[in-house]
Each structure stands twice: as C-alpha cells, then as structure tokens.
Amino acid sequence: MESILAKSKRLVVKVGSSLVTNSGAGLDHEAIANWAQQIARLKEMGREVVLVSSGAVAEGMLRLGWKKRPHAVHELQAAAAVGQMGLVQVYETCFRKHGLHTAQILLTHDDLADRKRYLNARTTLRTLLELNVIPIINENDTVVTDEIRFGDNDTLGALVTNLIEADALVILTDQKGLFSADPRKDPSAVLIAEAIAGDPELEKMAGGAGSDIGRGGMLTKILAAKRAARSGAHTIIAWGREEQALVRLAEGVPIGTQLSAGQMSTAARKQWLADHLQVRGTLTLDDGAVRVLREGGKSLLPIGITACAGNFGRGEVVTCLDGQGREIARGLVNYGAEEAQKILRHPSAEIETILGYVDEPEMIHRDNLALL
Ligand code: GLU
C-alpha cells in the first residue's frame, strides 16, 4: 500500500498545540525546526504546503509568566494574541534557514462562509503559494473562540483544504492514527490503516466511549476528513513525532490512518465548486470563449463575455451560457455585476483604465470554474 501523499501535490498540514509546545513550557523550538526542515524538503519534492498551526496560547502563557492555563476565555484569547507573535517568529526564523518566507494568516470559520471573504482568502493563499511562501494559519482567537473551546483547528484545516482545493489534508497528532477502539481500554484495538472518508463506521470508532471528543479528539479529525473529502481531498491522520513523518509520507510510506476521498475525488472537487454557492447571475459568452472553456484548463476573460445579467458581487457564483442560452459552466467571479457590465468585451489589459483598479485579469479563474 502506497501513501496517498505520494501523488498529492498541494497539501494542508495541521499540527496541534501538543506537537509544537514543550509540555507547558512554551514553544518547542526544536520540534518547529524539524517541521520546517521537513516542509522545506517537501518543497524540494515539488509540493505546495500550507501549515495550520496552534500553539499561540501556550507561548502566550509563557511570555506572560502564567504557570496555569486560565479558565476565562478572554484570558486565553489575550494569551493567544501575545503568543501568536512568538509562534510566527519561531516559524519565520526556522523557515528562513531553508531560504523560505512565511506568511501569517488568521482565519475564522465565518470568514470562509462569507462569499467575498472566501474568495479574498483563496486568492491570497494561492498567490502566496505561487510566490513560494509558506502560509502559517491559525484561528483568529481575538474574534472567535472555537479552537480555544473545542480544540477545533482540525475543522479549520479541513475548511482551508476546501478553500484552496488541496489534494490532501495531513493531520499530525499525538496518536498513531485512528484505532478500531480506544487502545487504552481495549487491548484488541487495531490501527485502521485505510478507509474511505465519510464512512459512518469511522465516526462510531472515534466517538466511542472514552474518546476525547471535546478538545480536538479523534472525532473532530474524522469529521474534518469527511469535510475535506467534499472538495476531493484525502486525509491522513498520523503521529507527529514519528521520524520524518511528512517526508516519508510524501515518499509513499504509509504511516498512520489514510482516509481517501473515494473514487470520485476529481468529480467531487468540481461538484463542490458548482454546488457550493447559489447562482446569482448569468454571463453570456461568445463562441470563441465557449470553445476555449470546453477545451478545459482555461480561464474566462472579460473579452469573451457578450452580456451579463443579475445582481452578483465579487466571489459569487454565476452560470455561463453559450449564445443559444445553454448552460456550459459555473464559476466564482472576480468582479461584480456592475464592474462586469463595464469590462465585458474588453481585453484584460484595459480593466485598470476602465475601473481604476484591477483585481484579477480573469472574470473567472480556471480554478474557480466548473464545466457542466
Ligand atoms: N488557537 C489557539 C492557539 O494557537 C488555541 C489553542 C488552545 O486552545 O490551546 O494556541
């Protein structure tokens, strides 16, 4: 059995607090240096990597001289705000040694539910990846407390996987993977090496008595895998302290639990895009644009649009029609209806003169376009 990471190009790697901290003594610089070394190696292997990392509260407590984790959520939020500075400092320093820059991104679930913010976050992350930068994501604890309350960066990891349509989500944790039962209680428990994400049996195994459901336990990971599969991504749950876990996974060594998105990975990805948002308007395309889109792998440029209808905003979904009114594609637009009216039939180079600014040269980027 080969690890599904062997063929995955774009990865989201999620590391929990327990892996980046030194049991109560702030950040584990050595561990972070190790992640940086492994991720740098993945980059050399041609992979794109986005890191979702916790650890801010732990570092904040150290910086503030707090010996005990406070109970008040506002104090935990304050600690996260202080500690986030240290967290990104250490990541930046460690990645710098490998000639890589990092970028700090603080997100909330709501950011990804809001269409405009969704598209903005997506564009920023994709741009960072193109620039060869390693985005380091954490929950924005100042405004949201999901992770502080539930240990839920697993879900954020899955949402980011959907957002950038990553091929795989790697959840590194302090357990070897998913077991058929709680190994601390049941000696017959065995490691589940592979399964299909979303299989209800997995939820039963992970949610069984004694499992740590509350703070980022196995169940949130299983549910994160199910969510990641919605955009066609596979998930791996593995022990983070395992020697060179990421590099070996990428080399094809099966470590931990592999939850594959199933047969329909590519279809799921397109379907996810088409279904994800409500259709807010239509664009009518000329024959040339229809032909180009059908060839596949191409973006829709303003020049190929003959008419636009509806009251859509940037980041919303529109349906693309051919000259006979047949629907040929759906996609997320980079410009709202008012702007679209002004730039349609114009070459992209004129967008800036017409609007006074330019967001993207395409009306719909090929990655945001699902042919029907
Ligand atoms: N996002 C927070 C962090 O990075 C929460 C983790 C926690 O609750 O310990 O530290």
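The rules we used
- Residues numbered from 1 in each chain as written.
- Predicted model: local features only at pLDDT ≥ 70, side-chain atom pairs only at ≥ 80, totals over all residues.
- Heavy atoms only, no water.
- Helix = DSSP H or I, 4+ residues; strand = E, 2+ residues; numbered from the N terminus.
- Rg over C-alpha atoms; globule rule 2.2 N^0.38 Å.
- Buried < 20%, exposed > 50% of the residue type's maximum accessible area, 1.4 Å probe, protein only.
- Contact = heavy atoms within 4.5 Å.
- Areas by Shrake-Rupley, 256 points an atom, 1.4 Å probe, with all protein chains shown as cover.
- Near = heavy atom within 4 Å.
- Polar contact = N/O pair within 3.5 Å; in protein donor to acceptor, adjacent residues only side chain to side chain.
- Nonpolar A, V, L, I, M, F, W, Y, C, P; charged D, E, K, R; others polar.
- Expected span 1.5 Å × (residues − 1).
- Pairing = 2+ DSSP bridges.
- Axes fitted to C-alpha atoms, helices over the stretch in contact; angles between N-to-C directions.
- Lys, Arg positive; Asp, Glu negative; His and termini not counted.
- Salt bridge = Lys/Arg side-chain N within 4 Å of Asp/Glu carboxyl O.
- Parallel < 35°, antiparallel > 145°, perpendicular 65-115°, else oblique.
- Left-handed = near helix turned anticlockwise from the far one by under 90°.

Participant: Got a minute to help me understand the overall build of the chain in this structure?
Facilitator: For the chain, the helix and strand inventory stands at 15 helices and 13 strands. Taking 372 residues into account, the globule formula puts the C-alpha radius of gyration at 21 Å, and the chain, at 22 Å, falls close to it. Each principal axis of the C-alpha atoms in the chain carries an extent, and together these give about 65 × 45 × 40 Å. Burial analysis of the chain (372 residues in total) assigns 55% to the buried set. Taking as baseline every contact in the chain between residues at least 6 positions apart, the subset at least 24 positions apart corresponds to 73%. If you sum the accessible surface of the chain, you get close to 16500 Å²; carbon and sulfur atoms cover 51% of it.

Participant: Just checking my understanding: could you explain the site of the ligand for this structure?
Facilitator: Taken together, 11 residues lie near the ligand, and Ala-56, Val-57, Asn-138, Asp-141 and Glu-147 sit nearest. One of the backbone nitrogen or oxygen atoms of Val-57 is found 2.7 Å away from an oxygen atom of the ligand. Between the ligand and the protein, one listed contact pairs an oxygen atom with a side-chain N or O atom of Arg-69 at 2.9 Å. When residues of the shell around the ligand are traced back to their parent elements, those giving at least two are helix 3 (56-64) and helix 7 (146-150). Here the residues of the shell around the ligand are counted per class, giving three nonpolar, four polar and four charged.

Participant: Where do I start with helix 10 (residues 218-229) in this structure?
Facilitator: If you check helix 10, its first and last C-alpha atoms are 17 Å apart, about what 12 residues at 1.5 Å a residue would give, namely 16 Å. Helix 10 sits mainly inside the fold: nine of its 12 residues count as buried. Within helix 10, the full set of buried residues consists of Met-218, Leu-219, Thr-220, Lys-221, Ile-222, Ala-224, Ala-225, Ala-228 and Ala-229.

Participant: Explanation requested: the sheet that holds strand 4 (residues 134-139) in the structure shown.
Facilitator: Two orientations exist for strands paired in a sheet by backbone hydrogen bonds: parallel and antiparallel. The eight strands are arranged 3-4-2-1-5-7-8-6 in an open sheet whose pairing can be described as mixed. Taken across any chain shown, the strands that pair with only one partner, and hence form the sheet edges, are strand 3 (102-107) and strand 6 (194-196). Adjacent strand axes in the sheet meet at a mean angle of 20° when their direction is disregarded. Taken together, the three bridges between strand 6 and strand 8 (residues 257-260) define a ladder with parallel strand orientation.

Participant: How should I be thinking about the side chain of Glu-339 in this particular structure?
Facilitator: Assignment of secondary structure puts Glu-339 in helix 14 (residues 337-343). The buried charged residue Glu-339 lacks any salt bridge partner; its closest oppositely charged side chain belongs to Arg-314, at an N-O distance of 7.3 Å.

Participant: Would you explain the packing of helix 9 (residues 200-207) against helix 10 in this entry?
Facilitator: Relative placement of two packed helices is described by the angle separating their axes and the distance separating the axes. One way to put it is that helix 9 packs onto helix 10 with a least axis distance of 8 Å and a crossing angle of 160°. As summarised for this structure, helix 9 and helix 10 are arranged roughly antiparallel, according to the angle between their axes. The chirality of how helix 9 crosses helix 10 is right-handed. Counted together, Leu-202, Glu-203, Ala-206 and Gly-207 of helix 9 and Met-218, Leu-219, Ile-222, Leu-223 and Lys-226 of helix 10 form the full contact between these two elements. Of the residues contributing to the contact of helix 9 with helix 10, the split by class is six nonpolar, one polar and two charged.

Participant: Help me out: how do you make sense of the pattern of salt bridges in this one?
Facilitator: As a working rule, side chains carrying opposite charge can pair if their charged atoms are close by. Enumeration according to the criterion identifies 21 salt bridges in this entry. The partner of Glu-2 in a salt bridge is Lys-7, with the nearest N and O atoms 3.1 Å apart.

Participant: Mind showing me how you'd approach the pairing of strand 4 here?
Facilitator: Along a regular strand, successive side chains alternate from one face of the sheet to the other. With six of six residues buried, strand 4 lies mostly within the body of the structure. Burial of the side chains of strand 4 extends over both faces: Ile-134, Ile-136 and Asn-138 are buried on one face and Pro-135, Ile-137 and Glu-139 on the other. Strand direction decides the pairing type here: strand 2 (residues 48-53) and strand 4, joined by two bridges, are parallel. Bridge pairing links Val-52 to Ile-137 in strand 4. As judged from the six bridges shared by strand 3 and strand 4, these two strands associate in the parallel manner. Residue Leu-107 lies in a different strand from strand 4, and its bridge partner there is Glu-139.

Participant: Help me understand the environment of Lys-226 in this model?
Facilitator: Relative to the helices and strands, Lys-226 is located in helix 10. The contacts of Lys-226, once residues within four sequence positions are left out, are Ala-197, Gly-198 and Glu-203.

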